[in-house]
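Spelled out, the chains give:
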Amino acid sequence: MRVAVLGSGPVGQTAALLLARWGVPVVLVDEHEVRDPVGSKAICQQRDTLDVWASLGAGCLAEEGLTWTTARTFHRAAELFSLKLPDGGSALPPFVNLSQSRVEEALDELIERQPLIDVRRGHRVRGLTQPGRVVVECETADGPRRIEADYAIACAGARGDTVRRALGQHLDGVSFRDLFLICDIRADLPGWAAERRFYFDPPWNPGRQVLIHPCPGSRFRIDWQVPEDYDLAAEESGGAMEARIRAIIGSAPYEVLWRSVYRFHTRLVPRMRVGRVLLAGDCAHLVAPFGARGLNSGVADAENAAWKLAAVLRGDAGEELLESYHTERHAAAVENAAVTTATMDFLVPQDEEQHRRRLDVLTRAAHDPAACEQVDSGRLAEPFWYVDSPLTTPDPTRPFAGRPPRGAVPPPGPGVLLPDVTVPSGRLRDLARQGFLLLTTPGVRAEGLRSARIPVGGALGARPGEAWLVRPDAYVAEVLRVGDQRAHLVRGVRGVTRVVDDVRDRADATE
Ligand SMILES: Cc1cc2nc3c(=O)[nH]c(=O)nc-3n(C[C@H](O)[C@H](O)[C@H](O)COP(=O)(O)OP(=O)(O)OC[C@H]3O[C@@H](n4cnc5c(N)ncnc54)[C@H](O)[C@@H]3O)c2cc1C
């Protein structure tokens, strides 16, 4: 086998399907004989994640998901503010709510139809070595099994300690004190179906918060922050759980579909590439779910890993390209950790000073729009910007302005994901996902490389005489100009190999 994907959660499934789309044979390993479809787990699926799944043939997920457009925030009994999610000019909604279980089911259907993916369930990885190739030792009901592959992607999730240990990795970071009770109910709640509600210190959960998300099929996800010593069994048997739900939904009939208690963490492995193995998803990083940066960032890991492994296996790039997986995705994980830790400091203050600040911000937000900006119930997932990557050539005329305002994306340029715009042949990102692509403006000739003409001054803000080099994950690598020192790339490129080689050479030069 060429690539072993270890763990068939949504990140492993996505990675396997992406590799197969690049023509790479995959063995997809999971310890469980069957999938456990219970519970919704991740529900907020971000637009660019939906886009990746759509590119694999799971466009149904964006359609099935519940599109919510309004985020309402309350403090005690009063509403502080309400935000509309911008549509961003894309064919896809900014977010849909759809259970992770349904996502996994849809991806399994695609995997079943993909002859390049060999699924091995009931295989528990218990060891991994890299004597030239990757050798994975598994336990199965029929005894030990060994799987050999050229490379591996470790997607064994938060509980994948065995896999991390075999790679000399561990999840460094912090765990938060308070617990979170998460419950899916089915109920008819008119007016609640298109909005997310966040309650700080509501009278029915004083000093803590409650988050309510609508899901398809009249389902709602309710998430209560609860104290460290919270006892779910005692609460259920004593009727307190019923009172909790009634305090929110009133007398409407309801049915509990799933409930569970979680502790949240900010944790990250030191290395996301260990030799021939790339770590992805929760196996590499854990964040609190406020902002929905867990699964969404895991899918971005999978896409980054897949095109790079495919390029190396095709002989289009040397193994050094894999190091950029660590550089880019570790930086994304650090950003996600910073954003979600700031949110958790606001939601679960760690000391008196943080408590005072939270109360002050929430009190002022009732009448001061500037204070509303400081109310942190989670900065929603967004694609990371690879502006500092060795694969990105900065453009001094398009300096990166840093983390954009909430809900906004950085303007198009090197290191930034292409906007989701349509071109005469379809969607620009679909074109990009077929391999390296050069987008040219009139007057620019490109030989050898697959290219497409772009209208000047369109959604990209491209200027006459420019050519935009786009990676197979639809990120812009470089903006070239006729006549400048780098223009040789435009003229000299004879194929993808050459582009990847050039990119790699620059990566080496900066080390
Ligand atoms: C309550 C909650 C709400 C969340 N909400 C969101 C949200 O709205 N949006 C979002 O983006 N994220 C959210 N997340 C995070 C999201 O659920 C995770 O990021 C996601 O499940 C990670 O997927 P994964 O494939 O990396 O890992 P997992 O889903 O954990 O899959 C890992 C797989 O590896 C297998 N495995 C483990 N060890 C081994 C082994 N030794 N051998 C073989 N197989 C093994 C397991 O069986 C499993 O199938 C939420 C998480 C929680 C807990």
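Given the structure is predicted, the values throughout are model-derived calculations rather than measurements. (Residues numbered from 1 in each chain as written. Predicted model: local features only at pLDDT ≥ 70, side-chain atom pairs only at ≥ 80, totals over all residues. Heavy atoms only, no water.)

Caption draft 1: Layout of the domain arrangement of the chain. Taken domain by domain, the chain holds domain 1 (3–54 + 100–173 + 266–345) and domain 2 (422–510). Both faces combined, the contact of domain 1 with domain 2 buries some 1300 Å², and carbon together with sulfur accounts for 47% of it. Three residues, Asp51, Trp307 and Asp316, lead the burial of domain 1 against domain 2; their summed loss comes to 41% of the area buried on that side. Run the count over domain 1 and domain 2 and you get 6 salt bridges. Among the salt bridges present, the one from Arg433 reaches Glu303, with a minimum N-O distance of 2.7 Å. Where domain 1 packs against domain 2, one counts 7 residue pairs in polar contact (both at pLDDT 80 or more). Elements with a contribution of two residues or more to the side of domain 1 that touches domain 2: helix H2 (47–55) and helix H8 (295–314). Among the elements that make up the side of domain 1 that touches domain 2, the one with the highest residue count is H8 (4 residues). Residue classes in the side of domain 1 that touches domain 2 are distributed as 5 nonpolar, 3 polar and 8 charged. (Domains from an automatic or database assignment. Buried area = accessible area lost by both parts, 1.4 Å probe. Salt bridge = Lys/Arg side-chain N within 4 Å of Asp/Glu carboxyl O. Polar contact = N/O pair within 3.5 Å; in protein donor to acceptor, adjacent residues only side chain to side chain. Helix = DSSP H or I, 4+ residues; strand = E, 2+ residues; numbered from the N terminus. Nonpolar A, V, L, I, M, F, W, Y, C, P; charged D, E, K, R; others polar.)

Caption draft 2: Representation of unusual backbone geometry. Phi at Arg76 takes a positive value of approximately 50°, unusual for a residue other than glycine. Position of Arg76 relative to the elements: it lies in the loop between strand S5 (70–75) and strand S6 (78–84). Taking relative accessible area as the criterion, Arg76 reaches 45% and is therefore assigned partly exposed. Here the phi dihedral of Ala474 falls at roughly 70°; this positive angle occurs in a residue that is not glycine. Following the sequence through the fold, Ala474 ends up in the loop between strand S25 (466–470) and strand S26 (476–481). Exposure remark for Ala474: the relative accessible area of 0% places this residue in the buried category. (Buried < 20%, exposed > 50% of the residue type's maximum accessible area, 1.4 Å probe, protein only.)

Caption draft 3: Representation of the site of the ligand within the structure. Surrounding the ligand, one finds 29 residues, the nearest of these being Asp30, Gln100, Val125, Asp282 and Leu295. Within the backbone of Val11, an N or O atom sits 3.0 Å from an oxygen atom of the ligand. In this structure, an oxygen atom belonging to the ligand sits 2.8 Å away from a main-chain N or O atom of Leu295. In the complex, 88% of the free accessible area of the ligand, which totals 1000 Å², lies under the protein chains. (Near = heavy atom within 4 Å. Areas by Shrake-Rupley, 256 points an atom, 1.4 Å probe, with all protein chains shown as cover.)

Caption draft 4: A look at the pairing of S25. Counting buried positions along S25 yields 5 of 5 residues, so the element is predominantly enclosed. Burial along S25 is two-sided: the face carrying Glu466, Trp468 and Val470 and the face carrying Ala467 and Leu469 are both buried. In terms of strand pairing, strand S23 (residues 437–440) meets S25 through 4 bridges, oriented antiparallel. Residue pairing for S25: Thr440 is matched across the bridge by Ala467. Judged from the 5 bridges that link them, S25 and S26 form a sheet pairing that is antiparallel. Bridge assignment links Trp468 to a residue of S26, and that residue is Val479. Counted between consecutive antiparallel strands, the loop separating S25 from S26 contains 5 residues, among which Ala474 sits at a positive phi close to 70°. (Pairing = 2+ DSSP bridges.)

Caption draft 5: Up close: the confidence of the model for the chain. Put simply, the chain has an average pLDDT of 89, and 92% of its residues get 70 or more. In the predicted structure, residues 487–498 sits below a pLDDT of 50 and forms 30 contacts with residues beyond four places in sequence or in another chain. Overall, residues 500–511 carries pLDDT values under 50, and its contacts beyond four positions in sequence, including any with other chains, amount to 17 contacts. (pLDDT = per-residue confidence, 0-100. Contact = heavy atoms within 4.5 Å.)

Caption draft 6: Summary view of the environment of Ala370. Relative to the assigned elements, Ala370 resides in helix H11 (residues 369–374). Spatially, the C-alpha atom of Ala370 lies 48 Å from that of Gly443, the residues being 73 residues apart in sequence.

Caption draft 7: Structural detail: the sheet that holds strand S4 (residues 66–67). The 3 strands are arranged S3-S7-S4 in an open sheet whose pairing can be described as antiparallel. Each end of this open sheet is capped by a strand with a single partner; those strands are strand S3 (44–46) and S4. In the sheet, S3 pairs with strand S7 (residues 95–97) via 3 bridges, with the strands oriented antiparallel. From the neighbouring strand, Cys44 faces S7, where its bridge partner is Asn97. Along the sheet, H2 makes contact with S3 and S7, crossing S3 at roughly 75°. (Axes fitted to C-alpha atoms, helices over the stretch in contact; angles between N-to-C directions.)

Caption draft 8: Seen up close, helix H10 (residues 352–365). Taking 1.5 Å per residue, 14 residues should reach 20 Å; H10 reaches 20 Å between its end C-alpha atoms and fits that length. Looking at H10, one finds that the buried residues are Arg358, Val361, Leu362 and Ala365. The arc that holds every buried residue of H10, seen down its axis, measures 95°, which confines them to one face. Those residues of H10 that are exposed and angled more than 90 degrees off the buried face are Glu352 and Arg356. Packed against the buried residues of H10 are S5, S6, strand S14 (195–200), strand S15 (209–215), helix H9 (323–347) and H11. (Expected span 1.5 Å × (residues − 1). Arc of directions from axis to C-beta.)

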